Amino acid sequence: MYDLHAHILPGADDGPKEWDKAVKMLLRAAEDGITGIVATPHVSAGLWDNPKDKVASLVDELKQHAGAVPIEIYTGSEIHISPETVKGLKNGRYCTINRSRYVLVELPLHFTPDGMYDVIFSIVSGGFFPIIAHPERNPMVQQDAGVMYEMVRLGALGQVTAGSLTGTFGGEVKKLARELVTRKLVHVIASDAHNNGPRPPVLSHAYHDAVKLVGDKAARVMVYDVPEMIIENLRFEPEEPEPPKKGALSFLGKWVGL
Ligand SMILES: [Fe+2]
């Protein structure tokens, strides 16, 4: 399996503080059957500044500490989106996933849905593929899953967090995570690991839950095929998503002038 979302770089964000803890996280991931993991430190204005060069140098250092741990480590980041995001992508400051056109983004809490659509549209128009990190934990998507449907229609992909599917974040988040999976509004399962405690780099439990939900083939695609294609910077055509019942077409109708 591949894990596209993990906070494993000491000194970068709220992940592990020491190298030995980071290496223990890699060991845990490898034991779970993860063969490749993307280091995605937070990037957030005024809080965490993790430009591409810094991430690359921390990943190199982690590889040295990891020694013979059987796991590949890739560069990435989790960018808290703002109207400036596309500029940072175009000028090469931000770290995309393994230097691909795919970028992991986190939705802000203070935007309106229209504001988010504008930023997502600008990223897609700029030639990048935004992957929305854990939409099931965003209040706007919790209020109306149609918000995620509209972002997918604009060209975004979705990453559901393993712990959301298994119940770490409560019953409501679990229910929404399952709905997003069944409606093809998320395309990747990732750990969003921060430690080896409550937020570990483990995918197997969520993968087994997804098998029960959508079958083995569709579940495998979310932990093997799609993340591998993203790391390799290959294009893939996501399946047509199913609109949630409430509010699904509100924005698209307005956007295309209907
Ligand atoms: Fe994260």
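Read on for a plain summary of the structure. (Residues numbered from 1 in each chain as written. Predicted model: local features only at pLDDT ≥ 70, side-chain atom pairs only at ≥ 80, totals over all residues.)

Quick notes on the environment of P198
Phase 1 of the analysis: Inspection of the secondary structure assignment puts P198 in the loop between β9 (188–190) and α9 (204–214).
Phase 2 of the analysis: For P198, a count of 8 C-beta atoms within 10 Å translates into the label exposed.
Phase 3 of the analysis: When the C-alpha positions of P198 and D114 are compared, they lie 34 Å apart, and in sequence the two are 84 residues distant. (Helix = DSSP H or I, 4+ residues; strand = E, 2+ residues; numbered from the N terminus. Buried ≥ 20, exposed ≤ 12 C-beta atoms within 10 Å, placed from the backbone.)

Side note on the nonpolar core
Phase 1 of the analysis: Counting 79 residues, the largest nonpolar core has I8, V103 and I189 as its most contacted members.
Phase 2 of the analysis: When near neighbours in sequence (up to four residues on either side) are disregarded, I8 contacts G15, P16, A22, M25, L26, I37, A39, L62 and A193. (Core = buried A, V, L, I, M, F, W, Y, C linked by C-beta atoms within 7 Å. Contact = placed C-beta atoms within 7 Å.)

Description of the packing of helix α1 (residues 19–31) against helix α2 (residues 52–66)
Phase 1 of the analysis: Contact geometry of α1 with α2 gives a least axis separation of 10 Å together with a crossing angle of 75 degrees. It follows from the interaxial angle that α1 and α2 lie roughly perpendicular. On α2, the residues that touch W19, A22, V23 and L26 of α1 are L62, H65 and A66.
Phase 2 of the analysis: For the contact of α1 with α2, the class distribution of residues is 6 nonpolar, 1 polar and no charged. (Axes fitted to C-alpha atoms, helices over the stretch in contact; angles between N-to-C directions. Parallel < 35°, antiparallel > 145°, perpendicular 65-115°, else oblique. Nonpolar A, V, L, I, M, F, W, Y, C, P; charged D, E, K, R; others polar.)

As for the pairing of strand β2 (residues 36–39)
Phase 1 of the analysis: With 3 bridges joining them, strand β1 (residues 2–6) and β2 adopt parallel strand pairing. Opposite D3, over in β2, you have I37 as the bridge partner.
Phase 2 of the analysis: Tracing the backbone out of β1, into α1 and back to the parallel element β2 gives a crossover that is right-handed.
Phase 3 of the analysis: Here β2 runs beside strand β4 (residues 72–75); their pairing, made up of 4 bridges, is parallel. Directly across from G36, in β4, lies its bridge partner E72. (Pairing = 2+ DSSP bridges. Right-handed = clockwise from strand over helix to strand, strands pointing away.)

Here we look at the environment of N50
Phase 1 of the analysis: You can see N50 is positioned in the loop between β3 (42–43) and α2.
Phase 2 of the analysis: Taking the C-alpha atoms as reference points, N50 and G15, 35 residues apart in sequence, are found 13 Å from one another.
Phase 3 of the analysis: Excluding residues within four positions of it along the chain, N50 makes contact with A12, P41, H42, V43, V55, S77 and C95.

Quick notes on unusual backbone geometry
Most peptide bonds take the trans configuration, and most residues that are not glycine carry a negative phi.
Phase 1 of the analysis: Of note, the phi angle at K184 is positive, near 60 degrees, even though the residue is not glycine.
Phase 2 of the analysis: Mapping K184 onto the fold places it in the loop between α8 (171–182) and β9.
Phase 3 of the analysis: Of note, the phi angle at D192 is positive, near 50 degrees, even though the residue is not glycine.
Phase 4 of the analysis: Mapping D192 onto the fold places it in the loop between β9 and α9.

Describing the sheet that holds β3
Phase 1 of the analysis: The parallel open sheet is built from 6 strands, whose spatial order is β3-β5-β6-β7-β8-β9. Pairing within the sheet leaves two strands with one partner each, and these edge strands are β3 and β9.
Phase 2 of the analysis: The pairing of strand β6 (residues 102–106) with strand β7 (residues 129–133) spans 4 bridges and is classified as parallel. Counted as the bridge partner of V105 is I132 from β7.
Phase 3 of the analysis: Against the sheet, helix α10 (residues 216–231) engages β6 and β9, with an angle of about 100 degrees to β9.

With respect to the sheet that holds β1
Phase 1 of the analysis: Within the open sheet, the 3 strands sit side by side as β1-β2-β4. Their pairing is parallel. Pairing within the sheet leaves two strands with one partner each, and these edge strands are β1 and β4. Mean inter-strand twist for the sheet, computed between neighbouring axes without regard to direction, equals 25 degrees.
Phase 2 of the analysis: Its contacts with the sheet place α2 against β2 and β4, and it is angled at close to 170 degrees to β4.

Points about the packing of α8 against α9
Between two packed helices, what matters for the description is the angle formed by their axes and the separation of those axes.
Phase 1 of the analysis: Relative orientation of the contacting elements α8 and α9 amounts to 60 degrees, with a least axis distance of 10 Å. When the axes of α8 and α9 are compared, the pair comes out oblique. Classified by chirality, the crossing of α9 by α8 is right-handed. Every residue of α9 that contacts α8 at R178, V181 and T182 is listed here: A210, L213 and V214.
Phase 2 of the analysis: For the contact of α8 with α9, the class distribution of residues is 4 nonpolar, 1 polar and 1 charged. (Left-handed = near helix turned anticlockwise from the far one by under 90°.)

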